[in-house]
Amino acid sequence: MPKSAPFLIAILVFVVVIVIFYFDGKARFESHVQDLAMFFTESVNEYAKYVSLSYFQWDEMYELLKENILTEISFWFEDLKSNFPEVEEVKVLNESDDFDYFKIDSKSGKLHMYFKIYNDDLSDFVPDRIVLAVVDAQNLLDKFGVRQIRISSTGKEFAYGLKCVPAQRILRISSIFYSIVLSLGTFLAFEAARLRIGLSHERKFRKLHEALTQISEYYLQGQGGERLYQLILEKAIEVVPNAQAGSVLLKKQDKHVYVAAVGYDLKELSRIEYPESVQEKWLEKPIKRKSDMVSFNREDEKTLEILKKHGRIEEIKCSLALPVRIGKEIVLSFNLENFEREDAFNEESLQIAKLFANYVGIVFLKIRQDEQIVQQQRMMEYLYNHDPLTGLLNRRAFEEYGEKLLSLAKREQKRVALLFMDLVRFKEINDEHGHEIGDAVLKIIGSKIEKMFRESDVVARFGGDEFVALLYDCNGNSLTQLLDRMFQAVEEPIQLGDKTFKIGVNIGVAIYPKDTCELDQLIRLADIAMYHAKRKNLKYAMASDLVTEA
């Protein structure tokens, strides 16, 4: 084999792996875009609904626009922009369109939200007039906690006609690093092949190749965890000449612990934890004789007793210790031992062990990458179902779980109460102290509301300062008691630094199946009841009472 062949093959491997990482990153980005588009669409709809409820569904705005009193309308538009800082422009359009309350599209990377102007009870709207609100789409992404993408004039189709690009490069530094490691591993493997031919150690390197192949097949079959570490150790003892026993230590947080052993009691050894500084010092010298091991103090008395009884340290004549590093971090380390000779391990043993350790490092890199992908998928699933500010369910997830809860209630013939909650005096906090303080207050309120309910109930934030809950198998007494506790908890003063805030809540209640059997109707009736309570200065109102009054 020519001397330049390993280098050329390593370069080829580097290029191929870089290409694979690029297309894999591109595919994962496109998958993320699909999930984030659904989440963004749902969140933007909730945002638009809240804007509509706050400014375009009340009598004063209806009368102002109907009478064309533009000066006062401009004042309210400025108030809207101060409360919704993502809104860049608001103006009245002398046109009509076929939609119910609002519609959303985009132009030049901005969201265009069109609103009809209704009176309080939604019985009439201003004809031939709609309001346009131009919203910064990137600011909305940031508000919703989406960091993986950014809005762009070019790129992948996203939502509402917007386009997006990755927030970070598809080909990350870690991918380049992995490619370098893989190409280096290939180079070392081919150098090992040359060494095998040159030194005529065919049998030893065949064993190494077979061991590495078995480890690869085992991992590709989806096997992992401590059994994988045990297999790696067993193969290391097979391929490194004169190795009779050994152990593997894995870094967990800032400690190194035993996760595999051959010739020792792993259960007892796993009680030991080595600080990172101690493990670094232990690995400075790869090959250790018995005298080196006696002079090196790496344990306290309790640890020493375990090692003597279950780690056989007094019997070890020669030890070979090698780290597996990712960057500068030691993530894994091998200890291979011989009980017969102090010269059992030499330079040849060390080179074979290093080749083996380099390959294990590549496997470990892949394990870490797979774990990161799983974590990202879990995070995406969480963002898809939860409100990023309070951690409660979002509207989409609430409606999904709510339908299931009503189906269960129908089978078991149970009552379900839907509570629609809207905070009182929250807008003043946002106006006077800013959205950062407002968000902190919302988090606290969300936590208080969540604690009021059982695990069998469903609680969500619909957006803004609106919360909704389904209370399963409720009766009149339990509902009244819950409402009392709810008012008491929400109205308890909130202390943030040197500021104290007092929040109230209006609640509308609709009952399944008494008021209606459909979830969307329950939400609508409870929403109407809540606005009735707000207008009448009541703490709560029942949808059935409104029907009776009517």
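Each remark here, short or long, concerns the structure printed above.
Below is a short write-up of the structure. Bear in mind the structure is a predicted one, so any value in this text is a computation, not a measurement.

1. Looking at the sheet that holds strand E8 (residues 245-252)
Taken in spatial order, the six strands line up as E10-E9-E8-E13-E12-E11 in an open sheet, and their pairing is antiparallel. Both outer strands of the open sheet, strand E10 (273-275) and strand E11 (287-289), are each paired with one neighbouring strand and no more. Between one strand and the next, the sheet's axes are offset by a mean angle of 25 degrees, whatever the strand orientation.

2. Side note on helix H14 (residues 426-433)
By the burial criterion, the buried members of H14 are Phe426, Ile429 and Asn430. Angularly, the buried residues of H14 cover 95 degrees about the axis, an arc narrow enough to put them on a single face. Those residues of H14 hidden inside the fold are in contact with strand E14 (416-424), helix H15 (435-451) and strand E18 (499-501). In the segment just after H14, glycine 434 is the residue with positive phi, at about 95 degrees.

3. Looking at the environment of methionine 61
The residue methionine 61 is located in helix H2 (residues 59-66) in this model. Sequence separation between methionine 61 and isoleucine 73 is 12 residues; the distance between their C-alpha atoms is 7.3 Å. Filtering out sequence-adjacent residues up to four positions away, methionine 61 remains in contact with Tyr55, Phe56, Trp76, Phe77 and Ile117.

4. Observations regarding the pairing of strand E12 (residues 318-326)
Counting buried positions along E12 yields seven of nine residues, so the element is predominantly enclosed. Where E11 lies against E12, three bridges are found, and the strand directions are antiparallel. Looking at the pairing, lysine 288 lines up with serine 319 of E12. The pairing of E12 with strand E13 (residues 329-338) spans nine bridges and is classified as antiparallel. Each bridged residue has a counterpart across the sheet, and for arginine 325 the counterpart in E13 is isoleucine 330. Linkage of E12 to E13, two consecutive antiparallel strands, is achieved through a turn of two residues, within which glycine 327 is found at a positive phi near 70 degrees.

Conventions used here
Residues numbered from 1 in each chain as written. Predicted model: local features only at pLDDT ≥ 70, side-chain atom pairs only at ≥ 80, totals over all residues. Heavy atoms only, no water. Pairing = 2+ DSSP bridges. Helix = DSSP H or I, 4+ residues; strand = E, 2+ residues; numbered from the N terminus. Axes fitted to C-alpha atoms, helices over the stretch in contact; angles between N-to-C directions. Buried < 20%, exposed > 50% of the residue type's maximum accessible area, 1.4 Å probe, protein only. Arc of directions from axis to C-beta. Contact = heavy atoms within 4.5 Å.

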